[in-house]
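Analysis of the macromolecular model
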Amino acid sequence: MKNPLLTLALLAAAASAHAAEHEVKMLDIGSDKEPMVFEPAVLKIAPGDTVTFVPTNKGHNVESKLVPEGAETFKSELDAKYSVKLDKEGVYIYVCPPHSMMNMVGVIQVGEATNLEAVKTALPKLERRAMSNKGRLTKYVEELASAPAADAKAAEEKPAENSETPAAK
């Protein structure tokens, strides 16, 4: 192509056209009958996707507690629908401040979990603040490291184990 700037502009437009929108509900009682939850509580998204937090009952808002290095923190007004576009890869932990003692927390992984070790280090301090639903945040973070990432790695390694010579390109 003769114009590299035009090429970059087209690629950027195509990438933003594929950005997804996700909705997280702030609930007094979840579909699993658990009190004070975000649904879904664990979300894996692509960089550039938007997450909209919807208070389904009065008395809720959302505030980031831990974000990847270089990412902006976020906080909504009480009882207000709130959208945030997440561009920086890593794990974001957020809470509903009025219900943080009830461990009303959620986790979003954007792209790769680049800061997972920092998240795991912060877990004891974050969990200690909860008076009820202890262990909820730890469970959510464990879901991030569960099967999908491990299965993807195993799938990548499996062809190398089964073949004696690399495939020709």
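Just above, that's the structure.
First, a word on scope: everything that follows refers to the structure included in this document. In this text, all values refer to a predicted model and were calculated from it rather than measured experimentally. (Residues numbered from 1 in each chain as written. Predicted model: local features only at pLDDT ≥ 70, side-chain atom pairs only at ≥ 80, totals over all residues. Heavy atoms only, no water.)

The biggest cluster of nonpolar side chains holds 20 residues, and the ones touching the most others in it are Phe38, Val51, Phe53, Leu86 and Ile108. Taken together, the elements giving at least two residues each to this core come down to strand S1 (21-29), strand S2 (35-39), strand S3 (42-45), strand S4 (49-55), strand S6 (82-86), strand S7 (90-95) and strand S8 (105-110). Among residues more than four places away in sequence, those in contact with Phe53 are Val24, Met26, Phe38, Val62, Phe74, Ala80, Lys81, Tyr82, Val84, Tyr94 and Ile108. Ala41, Val91, Leu126 and Leu144 belong to the second largest nonpolar core, which has 17 residues in total. (Core = buried A, V, L, I, M, F, W, Y, C linked by side-chain atoms within 4.5 Å. Buried < 20%, exposed > 50% of the residue type's maximum accessible area, 1.4 Å probe, protein only. Helix = DSSP H or I, 4+ residues; strand = E, 2+ residues; numbered from the N terminus. Contact = heavy atoms within 4.5 Å.)

Strand order in the open sheet formed by 4 strands is S3-S8-S7-S5, with mixed pairing between adjacent strands. Bordering the open sheet on either side are S3 and strand S5 (63-66), each of which pairs with just one other strand. Pairs of neighbouring strands in the sheet enclose a mean axial angle of 30°, with direction left out of account. Here helix H3 (residues 136-144) sits on the sheet in contact with S3, S7 and S8, set at roughly 20° to S8. (Pairing = 2+ DSSP bridges. Axes fitted to C-alpha atoms, helices over the stretch in contact; angles between N-to-C directions.)

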